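# Reading the structure
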Amino acid sequence: MSVIVVGSGPTGLMLAGDLAEAGVDVTILERRAEESNLTRAFAVHARSLELLEVRGIADELVEQGFTVPELRASFGTRGFSVDISRLDSRYPYVLMVQQARTEILLRRRVERLGVPIVRGAEVIGLTQDGDGVTLTVRTAEGEHTERADHVVGADGAHSAVRGLIGVPFTGRRYQTHIMIADVRLDNDLPNAVNPFIAADGFALLPPFGDGWFRAVVWDRTREEAPLTEPVTKGELNASLDRLTRGRVRAAEMRWSTRFLSERRQAEHYRVGRVLLAGDAAHVHSPIGGMGMNTGLQDAANLGWKLAAVERGWAPSWLLDSYEAERHPVGRATLRLTDTVTRMVVASGPVRALRPYVVPRLVANERVSRAVLGMMSGIGFSYDLPDTLVGSTGAGERVPDLDLRVDGAPTRLFALMDAVRFTLVDTSPNGAAATAAEPWGERVHAVRAEGALPHGADVLLVRPDGHTAWSGRASGSDDLTRVLTEWAGTAPAIR
Ligand SMILES: Cc1cc2nc3c(=O)[nH]c(=O)nc-3n(C[C@H](O)[C@H](O)[C@H](O)COP(=O)(O)OP(=O)(O)OC[C@H]3O[C@@H](n4cnc5c(N)ncnc54)[C@H](O)[C@@H]3O)c2cc1C
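Residues numbered from 1 in each chain as written. Predicted model: local features only at pLDDT ≥ 70, side-chain atom pairs only at ≥ 80, totals over all residues. Heavy atoms only, no water.

### What about the packing of helix 2 (residues 46-54) against helix 7 (residues 291-310)?
- Contact geometry for helix 2 and helix 7: axes closest at 9 Å, N-to-C directions at 40 degrees. By the angle class used here, helix 2 and helix 7 are oblique. In the crossing of helix 2 with helix 7, the sense of the turn from one axis to the other is left-handed. Between helix 2 and helix 7, the residues in contact are Arg47, Ser48 and Leu51 and Asn293, Leu296, Gln297 and Ala300, respectively. (Axes fitted to C-alpha atoms, helices over the stretch in contact; angles between N-to-C directions. Helix = DSSP H or I, 4+ residues; strand = E, 2+ residues; numbered from the N terminus. Parallel < 35°, antiparallel > 145°, perpendicular 65-115°, else oblique. Left-handed = near helix turned anticlockwise from the far one by under 90°. Contact = heavy atoms within 4.5 Å.)

### Here we look at empty space enclosed by the protein
- Taken as a whole and judged by the stated rule, the model has 3 cavities of 30 Å³ or more.
- Counted as a void, the largest cavity has a volume near 80 Å³.
- If you go around the largest cavity, the residues you meet are Arg47, Leu51, Gln297, Ala300, Asn301, Arg326, Gly377, Phe380, Tyr382, Asp464 and His466.
- Elements with a minimum of two residues in the lining of the largest cavity: helix 2 and helix 7. (1 Å grid on protein atoms, 1.4 Å probe; cavity = no way out; pocket = protein on both sides within 12 Å on 5 of 7 lines; lining within 4 Å. Points joined across faces, edges and corners; volume = space filled by probe spheres on them.)

### Observations regarding the nonpolar core
- Val5, Leu19 and Leu135 are the most contacted members of the largest nonpolar core, which has 93 residues in total.
- By residue number, the principal contributor to this core is helix 7, which donates 7 residues.
- Each residue touching Val5, except ones within four places of it in the same chain, is listed here: Gly12, Leu15, Ala16, Leu19, Val26, Thr27, Ile28, Leu29, Val152 and Ala154.
- Within the second largest apolar cluster, 29 residues are counted, among which are Leu460, Trp469, Leu479 and Val482. (Core = buried A, V, L, I, M, F, W, Y, C linked by side-chain atoms within 4.5 Å. Buried < 20%, exposed > 50% of the residue type's maximum accessible area, 1.4 Å probe, protein only.)

### Some points on the domain arrangement of the protein
- Per the domain assignment, the segments making up the protein are domain 1 (2-39 + 98-168 + 267-345), domain 2 (172-262) and domain 3 (402-493).
- A C-alpha centroid distance of 29 Å is found between domain 1 and domain 3.
- Opposite the 14 residues of domain 1 that make contact, domain 3 presents 13 residues.
- Buried surface at the junction of domain 1 and domain 3, both sides included, amounts to about 1,100 Å², of which 63% is carbon and sulfur.
- At the surface where domain 1 touches domain 3, the tally comes to 2 salt bridges.
- Here Glu325 ties to Arg462 by a salt bridge, and the two come within 2.8 Å at their closest N and O atoms.
- Of all elements in the fold, only helix 1 (10-21) and helix 7 reach the threshold of two or more residues within the side of domain 1 that touches domain 3.
- In the side of domain 1 that touches domain 3, the residues fall into 7 nonpolar, 1 polar and 6 charged. (Domains from an automatic or database assignment. Buried area = accessible area lost by both parts, 1.4 Å probe. Salt bridge = Lys/Arg side-chain N within 4 Å of Asp/Glu carboxyl O. Nonpolar A, V, L, I, M, F, W, Y, C, P; charged D, E, K, R; others polar.)

### So, the side chain of Arg162
- Along the chain, Arg162 falls in helix 5 (residues 160-164).
- In this structure, Arg162 is buried with no salt-bridge partner, the nearest side chain bearing the opposite charge being Asp155 at 6.5 Å.
- Of the polar contacts made by the side chain of Arg162, one reaches the backbone oxygen of Ala280; its length is 2.8 Å.
- Every residue in contact with Arg162, bar those within four places of it in the chain, is listed here: Gly156, Ala157, Val167, Phe169, Ala266, Leu276, Asp279 and Ala280. (Lys, Arg positive; Asp, Glu negative; His and termini not counted. Polar contact = N/O pair within 3.5 Å; in protein donor to acceptor, adjacent residues only side chain to side chain.)

### Focus on the packing of aromatic side chains
- In total, this model carries 9 aromatic pairs according to the counting rule given.
- For the pair Phe202 and Trp218, a centre-to-centre distance of 5.6 Å together with 40 degrees between the ring planes defines the contact as tilted. Linking Phe202 in strand 15 (residues 201-204) with Trp218 in strand 16 (residues 212-219), this pair joins segments that are 16 residues apart in sequence. Neither residue differs from the other here; Phe202 and Trp218 are each classed as buried.
- Note on Trp304 and Phe421: the rings are 5.4 Å apart at their centroids and 80 degrees apart in plane angle, and the pair reads as edge-to-face. Highlighted residues: Trp304 in helix 7 and Phe421 in strand 23 (residues 421-425), separated in sequence by 117 residues.
- Given the relative accessible area of 2%, Trp304 is considered buried.
- Look at Phe421 and you get buried, because its relative accessible area is 1%.
- An aromatic cluster of at least three residues, connected via ring pairs, comprises Trp304, Trp317, Phe421 and Trp486.
- For the cation-ring pair, Arg162 lies above Phe169, with the distance from its terminal atom to the ring centre recorded as 3.5 Å.
- Above the face of the Tyr174 ring, Arg263 is positioned so that its terminal group lies 4.4 Å from the ring centre. (Phe/Tyr/Trp six-rings, centres within 6.5 Å; stacked < 30°, edge-to-face > 60°. Lys NZ or Arg CZ within 6 Å of the ring centre and 35° of its normal.)

### A few points about the pattern of salt bridges
- Taken as a whole and judged by the stated rule, the model has 37 salt bridges.
- One salt bridge in this structure joins Glu21 and Arg109, with 2.6 Å as the shortest N-O distance. Of the two residues, Glu21 is situated in helix 1 and Arg109 in helix 4 (residues 99-112); the sequence distance between them amounts to 88 residues.
- Of the residues examined, Glu21 reaches a relative accessible area of 31% and is grouped as partly exposed.
- Judged by its relative accessible area of 2%, Arg109 falls in the buried class.
- One salt bridge connects Glu50 with Arg47, and the closest N-O pair in it is separated by 2.6 Å.

Quick look at the structure:
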């Protein structure tokens, strides 16, 4: 009973932690011998923070970062702002924090849970049969094989695992190079994401909160610069000067790179006993800062399902629901980031209309709510299989509910963990919590007081925080069926 996770980026670490927490024997294979010192993602969105809270990591991460409650954009002299603070989440902001810090906290969790991280181990071959998967692994000592029941490719955009299972990575490259740098500025900018959108490109300047800013610069006039040419402070400042109309200038630069962004998605997230997650499954433009976040959310969706398979109680449809649920989210994320990217780097008539059209779109409540929901991750719901007992709200993300347990105030997220279902029973006689007892460690049943969504008095929350079922305790026949559908046959009556 074992899983190998290939890659110790944020996706692999989150997933391996969840598997280990569920008691699964899991190992991480990582090609790099050392930690990467590359700063990549800098934005952690509300849904990721909610998931990290359930894993006991959010508070520490928030302490290390800097919260941005507003997204402001300027098209030359015209501008608009989006208020993130109205998100229905306890994290109504974008947390600016370097990816390395998120990874450190996730790594500490897997280390605490005893997961081996084998460094300097590159996966170069894969075969699978009905019983398991065999990987060929190259290390400094040579090549050897490793075998597991399941393998997850969390090995990034150029995933070897994806190639070895023959899954096409469909999409294409953007044509414009992006310059990225960490800079100190001559002048101050507001505590916001700070995009500047100009005729021939854009600059994004989110703060890290410690005096440093991340400059993401998409300059069409520098399109022809070779990717290998280092980004100098002079080049960056020339672009910033033009794109921000002289408002921003880098005084100091500690790191920079030039890269070509792509928009691609794996056609499948599962082939037999091999699954893909994170950048191995989808890559898109860095606008919106959604890459790492989508990977963390993939991991949260997959971990408990794969653990259920490994522990031998997963219903037959459960593992396939990973692709069914997460592929559409990946596709929607690609579409959103692609639309925004095209708008930002648009040419000709679209460019001329942009300063007028975009603020109007953003002012439309429905549009801005939908975009904020996707960007923050809290707006995604899953379509559940038709064969399940349905209920109002099934598949929705559950917000952090205020509850009372034994008279003491608490919150739903404080009751949850990454691997068990949480059944909240607010009915007067606690019949649902009693009915869930045979499922033992798979379902954490809690009698509580408080208002549940959709007027229900019982809520069954999946380990990834989405509603499995909600309804009235009086329909407890349904509840037994629901629990069996989701958590398998109750161990006590096997
Ligand atoms: C410049 C830049 C800025 C970005 N900004 C943001 C942002 O603000 N917000 C955001 O959410 N996202 C952002 N992203 C995207 C984000 O960095 C990625 O989405 C995220 O790192 C993906 O995590 P992952 O774990 O899926 O893959 P990775 O972080 O790429 O990790 C994959 C791991 O697998 C290992 N590996 C690869 N091949 C093998 C192999 N064959 N065998 C063993 N190990 C292997 C690699 O060494 C690596 O450690 C940015 C990306 C870039 C490049």
